[in-house]
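Residues per chain are reported as follows:
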Amino acid sequence: MGAVRFDVEDLANVRFAVSPLFETAAGLRAVADPGRYALHLPWIKHALGTPGGPPPAPGFGIGLDLDAVPPPRCPLAAIEDELAAAGAGAAEAVLPWWRTAVRPHWPRVRALLEADIAYRTRQLAEDGIGEVLARLHRSLSWTGNRLVSAELPPGELDLRGGGVTLVPSAFAGRCLLVAGRGAVPPCVIYPARAVGTLWECAGGPGDGLVRLLGRSRAGLLAAVTSPATTTQLAARTGLSPAAVSQHLSVLRDAGLVTGHRYGREVHYAAVDLGRALLGEDPSQPEAHPPPGR
């Protein structure tokens, strides 16, 4: 049984991040052992069929296994920045796999991870950090001032006021504690919510909604049931970023979507009225409840 000990300063320094490098490494693990990652079989079949031959061996042949992936330095790090901290030779070994198997699907994966973070930050605002940590994953429990799990390394990690980064993952099969490096705090990687929906073919809007809003706007409304940026929406829909921005402006003025700024990006999401038009029940904010609840 392992534990992470928090004091008041640590709780004030809890942050979230997305790690494309960890997702790339964990995705490779899924391809190497598809029987344990049945939810990802649609992606695994595509990854195995990518040009360039079979994927590299787990660990990329350079010792970069899951435990060796460096903790993310910022909330939305680029994989190139993470590789710079991973050691010599990492980029040459990892980037070909990232470009052929992961990057084409990254907007979808990243949208899932950001939706998880959006849920946790909303929970933080409503219930406090203790509730966020208590419900992070069914394998974790919040006891007093400690985050406890049989999946964490034995012993107790004292954060010493530096806090911790919480990193949702689409490919993680379990929770994982990654040690800090220098001024970069340690991170707890945990399986993200609603992973089972990741490779589903999204159902389109109904004919009535298409006639009301037009096909492009109805499609965009359906695409923002989870938060997404204009760039992500352009990649999903095939519309230009300028067209996406124009349609989102109309949907926002109509009270169907809202936008929230995270750093330099604005993430758009359907509000209750928009979800109701899509046939969802707006009284049920968790269409995919977190594990263990």
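That block above? That's the structure.
Chemist: Before we go on, may I ask you to explain the packing of aromatic side chains in this structure?
Modeler: For any pair of aromatic rings, the description consists of the separation of the ring centres together with the inter-plane angle of the planes. Taken as a whole and assessed by the stated rule, the structure comprises 4 aromatic pairs. Taken together, a centroid distance of 5.4 Å and an interplanar angle of 75° make the contact between F6 and W142 edge-to-face. Of this pair, F6 sits in the loop between β1 (2–5) and α1 (8–12) while W142 sits in strand β3 (residues 141–143); the two residues are 136 residues apart in sequence, bridging distant segments of the chain. Seen in terms of ring centroids, W43 and W97 are 6.3 Å apart; in terms of plane orientation they differ by 75°. Their pairing is edge-to-face. With W43 in helix α3 (residues 41–48) and W97 in helix α5 (residues 90–102), this residue pair connects regions lying 54 residues apart in the sequence. The pair formed by W43 and W97 is uniform in burial state, with each residue classed as buried. Taken together, W43, W97 and F171 form an aromatic cluster joined through their ring pairs. Here the basic side chain of R193 rests over the ring of Y119, its NZ or CZ set 3.9 Å away from the ring centre.

Chemist: Help me understand the sheet that holds strand β2 (residues 14–16) in this model?
Modeler: Each strand in a sheet pairs with another by means of backbone hydrogen bonds, the pair being arranged parallel or else antiparallel. Across the sheet, which stays open at both edges, the 4 strands sit in the order β2-β6-β8-β7 with mixed pairing between neighbours. Two strands lie at the open edges of the sheet, namely β2 and β7 (176–178), each paired on one side alone. The sheet shows a mean angle of 25° between the axes of neighbouring strands, taken without regard to direction. Strand direction decides the pairing type here: strand β6 (residues 164–169) and strand β8 (residues 187–191), joined by 5 bridges, are parallel. Following the sheet pairing, P168 is matched in β8 by Y190. Strands in contact with helix α6 (residues 106–127) are β2, β6 and β8; relative to β6, the strand with the most contacts, it is inclined by about 130°.

Chemist: Mind showing me how you'd approach the nonpolar core here?
Modeler: Most often, soluble globular proteins keep nonpolar side chains buried together rather than apart. Ranked by internal contacts, the top residues of the largest apolar core, which has 57 residues, are F6, W43, W97, L166 and I189. Beyond its immediate chain neighbours, meaning those up to four positions away, I189 contacts F22, V167, S169, A172, R174, C175, L176 and V178. Counting 17 residues, the second-largest nonpolar core is a separate cluster that includes L209, V210, L233 and L256.

Chemist: Mind showing me how you'd approach the sheet that holds strand β5 (residues 155–158) here?
Modeler: Within the open sheet, the 4 strands sit side by side as β3-β4-β1-β5. Their pairing is mixed. With one partner strand each, in any of the chains shown, β3 and β5 form the two edges of the open sheet. The mean inter-strand angle of the sheet, taken between neighbouring strand axes irrespective of direction, is 25°. In terms of strand pairing, β1 meets β5 through 4 bridges, oriented parallel. Bridged to A3 within β5 is E156.

Chemist: Is there a simple way to explain the pattern of salt bridges in this structure?
Modeler: Between side chains of opposite charge, pairing is possible as soon as their charged atoms come close. A complete count under the given rule lists 7 salt bridges for this structure. R5 is the partner of D158 in a salt bridge, and the nearest nitrogen-oxygen pair spans 3.6 Å. Of this pair, D158 sits in strand β5 while R5 sits in strand β1; the two residues are 153 residues apart in sequence, bridging distant segments of the chain. By relative accessible area, which is 25% here, R5 ends up partly exposed. Two residues, R36 and D33, come together in a salt bridge whose shortest N-O distance is 3.9 Å. Of the residues examined, R36 reaches a relative accessible area of 67% and is grouped as exposed. Overall, D33 belongs to the partly exposed group, its relative accessible area being 29%.

Chemist: Please explain helix α2 (residues 20–32) as it appears in this structure.
Modeler: Helical geometry note: an α-helix holds 3.6 residues per turn, so side chains three or four residues apart project in the same direction. Relative to the 18 Å expected for 13 residues at 1.5 Å per residue, α2 spans 18 Å between its end C-alpha atoms, a close match to the ideal helical length. Listed in full, the buried residues belonging to α2 are P20, L21, F22, E23, T24, A25, A26, G27, L28, A30 and V31.

Chemist: How should the packing of α6 against helix α10 (residues 230–237) be read in this particular structure?
Modeler: Each packed pair of helices is defined by two parameters, the angle between the axes and the distance between the axes. Between α6 and α10, whose axes approach to 10 Å, the crossing angle comes to 135°. Considering the angle they form, α6 stands oblique to α10. The handedness of the crossing between α6 and α10 comes out as left-handed. Contact residues: α6 offers P107, R110, A111 and E114, while α10 offers Q232, A235 and R236. Here the residues of the contact of α6 with α10 sort into 3 nonpolar, 1 polar and 3 charged.

What counts and how
- Residues numbered from 1 in each chain as written.
- Predicted model: local features only at pLDDT ≥ 70, side-chain atom pairs only at ≥ 80, totals over all residues.
- Heavy atoms only, no water.
- Phe/Tyr/Trp six-rings, centres within 6.5 Å; stacked < 30°, edge-to-face > 60°.
- Helix = DSSP H or I, 4+ residues; strand = E, 2+ residues; numbered from the N terminus.
- Buried < 20%, exposed > 50% of the residue type's maximum accessible area, 1.4 Å probe, protein only.
- Lys NZ or Arg CZ within 6 Å of the ring centre and 35° of its normal.
- Pairing = 2+ DSSP bridges.
- Axes fitted to C-alpha atoms, helices over the stretch in contact; angles between N-to-C directions.
- Contact = heavy atoms within 4.5 Å.
- Core = buried A, V, L, I, M, F, W, Y, C linked by side-chain atoms within 4.5 Å.
- Salt bridge = Lys/Arg side-chain N within 4 Å of Asp/Glu carboxyl O.
- Expected span 1.5 Å × (residues − 1).
- Parallel < 35°, antiparallel > 145°, perpendicular 65-115°, else oblique.
- Left-handed = near helix turned anticlockwise from the far one by under 90°.
- Nonpolar A, V, L, I, M, F, W, Y, C, P; charged D, E, K, R; others polar.

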